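In case you want the letters, here they are:
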Amino acid sequence: MGFSKASWALLNAGCLERISMFKLSKKVQSLPPYLFLEIDKAKRQAAKEGRDIIDLGIGDPDQPTPKFIIEALYKASQDPANHRYALDQGMPVLRRAIQGWYKRRFNVGLDPDTEILPLIGSKEGIAHFPLAFLNPGDISLVPDPCYPPYKGGTILAGGAPYIMPLLESNHFLPDLKKIPLLARKKAKMIFVNYPNNPTNACASDDFYRQLIEFSARNKIIIISDLAYSEMAYDGYKARSLLEFPGAREIVIEFHSLSKTYNMTGWRIGWASGNANLISALAKVKSNIDSGIFSAIQLAAVAAIEGPQDYVKSMCDIYQERRDILVEGLSALGWSAIKPKATFYVWIKTPAKVDSISFSAKLLKEANIVATPGVGFGKYGEGYIRMALTVPKERIKEALVRLKKIS
Ligand SMILES: *Cc1c(COP(=O)(O)O)cnc(C)c1O
């Protein structure tokens, strides 16, 4: 078994730092292990043994990037002007394309020069943003379970994450009323992510209004991760916080082309929102990177301004897979909710079985990779996550295998 409870515990205990004569910094020592690397190791080991693995582990689209986007990249890459360092703040033509998309999609007007910042994937922006505002002793309010860089970015900036449990009883929304006074005082920022990875929950308008009121009152920056805003089903349309009154002063939103256009490997996304927050992030980044390959920026313009029917057909594919998986699991007596958005199914483990043991069992007995919920934080315990990133035939095969072992 590649990832066992023992190897997980060892990593958590910080065995990494003992294998070298160089002592890791306290910040790096206190980073949680990056779960996906561990699962990947286990998966590769299983594949090496010749086993037929169905990988529902990692959230990476299996469909190719649309052809017209690849062609735009090819064309732009022929131009030597695009081979040089790109401008730190992104090409004006890309910022204007994003401005147009925002207006069409959310009816929100943004200033392309001050309120939009292209990124080398939204992950780097999310992870770098805390560097702009956290001092030692400061807190960021982090949902749990969550996308790992919220905690990692906070810790690398010298801050401390304050955990907000996402519980099914509260629709996987943080309960703002439960955040104690001291944490509110020390908090500089709050992370939210709806549609949510890993729980697939969506935010209500009511929650967004409360969040803005809470954050404005306590002078807390809202960091909203909208990576899945376009991956939705049954007519659901995710909203931008910037549509709500009072948001413009305190919100920075992170968007990604990764999931919307099947471009995870390309590394491109953007931040949009309050101009002071955007310029602070730009200042941090100007010390770290030197912009995005211009040809990729021009391909992103093609993606954003090109035909969007591709996004709809992508959602149709995931929706069909979702129905097969969730209905199949329900027939087996498993507890899983049909997601309105994202390509994740968040599934309860059987009573008294922890998520790592359960994932390990699925890999060992059914050759299925699923992500243990605890990898997203301690409140992910009791769940596993399956991603709808394999063809429907493979999902059907996974269900056949699960029937045999359950
Ligand atoms: C996939 C994902 C992203 C996108 O990251 P990129 O760096 O833009 O590829 C951001 N947030 C969440 C929650 C994700 O799952």
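Residues numbered from 1 in each chain as written. Predicted model: local features only at pLDDT ≥ 70, side-chain atom pairs only at ≥ 80, totals over all residues. Heavy atoms only, no water.

Peer 1: Please explain the domain arrangement of the chain as it appears in this structure.
Peer 2: How large an interface is tends to be reported as the accessible area lost when its parts come together. Parsing the chain into structural domains produces domain 1 (31–60 + 309–405) and domain 2 (67–305). For domain 1 and domain 2, the distance between their C-alpha centres works out to 26 Å. Counting from both sides, the interface comprises 29 residues of domain 1 and, opposite them, 33 residues of domain 2. Across the contact surface, domain 1 and domain 2 share two salt bridges. Among the ionic pairs, E168 bridges to K348, the shortest N-O distance being 2.9 Å. Counting only elements with at least two residues in the side of domain 1 that touches domain 2, the list comes to α13 (309–331), β9 (344–348) and β12 (383–387). For the side of domain 1 that touches domain 2, the leading source of residues is α13, giving seven residues. Residues of the side of domain 1 that touches domain 2, tallied by class, amount to 18 nonpolar, five polar and six charged. (Domains from an automatic or database assignment. Contact = heavy atoms within 4.5 Å. Salt bridge = Lys/Arg side-chain N within 4 Å of Asp/Glu carboxyl O. Helix = DSSP H or I, 4+ residues; strand = E, 2+ residues; numbered from the N terminus. Nonpolar A, V, L, I, M, F, W, Y, C, P; charged D, E, K, R; others polar.)

Peer 1: For this particular structure, what's the right way to read unusual backbone geometry?
Peer 2: For residues other than glycine, phi is negative in most cases, and the peptide bonds are mostly trans. Following D144, the chain continues into P145 via a peptide bond in cis, with omega recorded as 5°. For the bond from N197 to P198, the omega torsion is 10°, close enough to zero to count as cis. Relative to the helices and strands, P198 is located in the loop between β5 (187–192) and α10 (205–217). The phi dihedral of N200 falls on the positive side, at around 65°, and the residue is not glycine. Given a relative accessible area of 9%, N200 falls into the buried group. (Buried < 20%, exposed > 50% of the residue type's maximum accessible area, 1.4 Å probe, protein only.)

Peer 1: Can you help me understand the site of the ligand in this one?
Peer 2: Taken together, 14 residues sit near the ligand, with D225, S256, S258, K259 and R267 positioned nearest. At a separation of 2.8 Å, an oxygen atom of the ligand approaches a polar side-chain atom of N197. At a separation of 2.6 Å, an oxygen atom of the ligand approaches a polar side-chain atom of R267. When the ligand sits alone it has 390 Å² of accessible area, and the protein chains cover 94% of it. (Near = heavy atom within 4 Å. Polar contact = N/O pair within 3.5 Å; in protein donor to acceptor, adjacent residues only side chain to side chain. Areas by Shrake-Rupley, 256 points an atom, 1.4 Å probe, with all protein chains shown as cover.)

Peer 1: I keep staring at the packing of α13 against helix α15 (residues 392–405) and nothing clicks. Help me out?
Peer 2: Think of two packed helices as two axes; the pair is described by the angle between the axes and how far apart they sit. As a packed pair, α13 and α15 sit with axes 9 Å apart at the nearest point and diverge in direction by 10°. If you check the angle between α13 and α15, you find them roughly parallel. Packed against α13, whose contacting residues are E320, R321, I324, L325, G328 and L329, the element α15 presents K392, I395, K396, L399 and L402 at the interface. Across the contact of α13 with α15, the residue classes tally to six nonpolar, one polar and four charged. (Axes fitted to C-alpha atoms, helices over the stretch in contact; angles between N-to-C directions. Parallel < 35°, antiparallel > 145°, perpendicular 65-115°, else oblique.)

Peer 1: What is the right way to look at the nonpolar core in this model?
Peer 2: A general tendency of soluble globular proteins is for nonpolar side chains to be buried together. Residues L362 and M386 are the most contacted members of the largest nonpolar core, which totals 90 residues. Here this core takes eight residues from α13, the largest share from any one element. Two domains each put at least three residues into this core: domain 1 (31–60 + 309–405) and domain 2 (67–305). Leaving out residues up to four positions away in the same chain, M386 has contacts with L56, L325, W334, F343, Y344, V345, I347, L362, A370 and L402. Among the nonpolar cores identified, the runner-up in size contains 20 residues, and V142, Y147, F191 and L281 belong to it. (Core = buried A, V, L, I, M, F, W, Y, C linked by side-chain atoms within 4.5 Å.)

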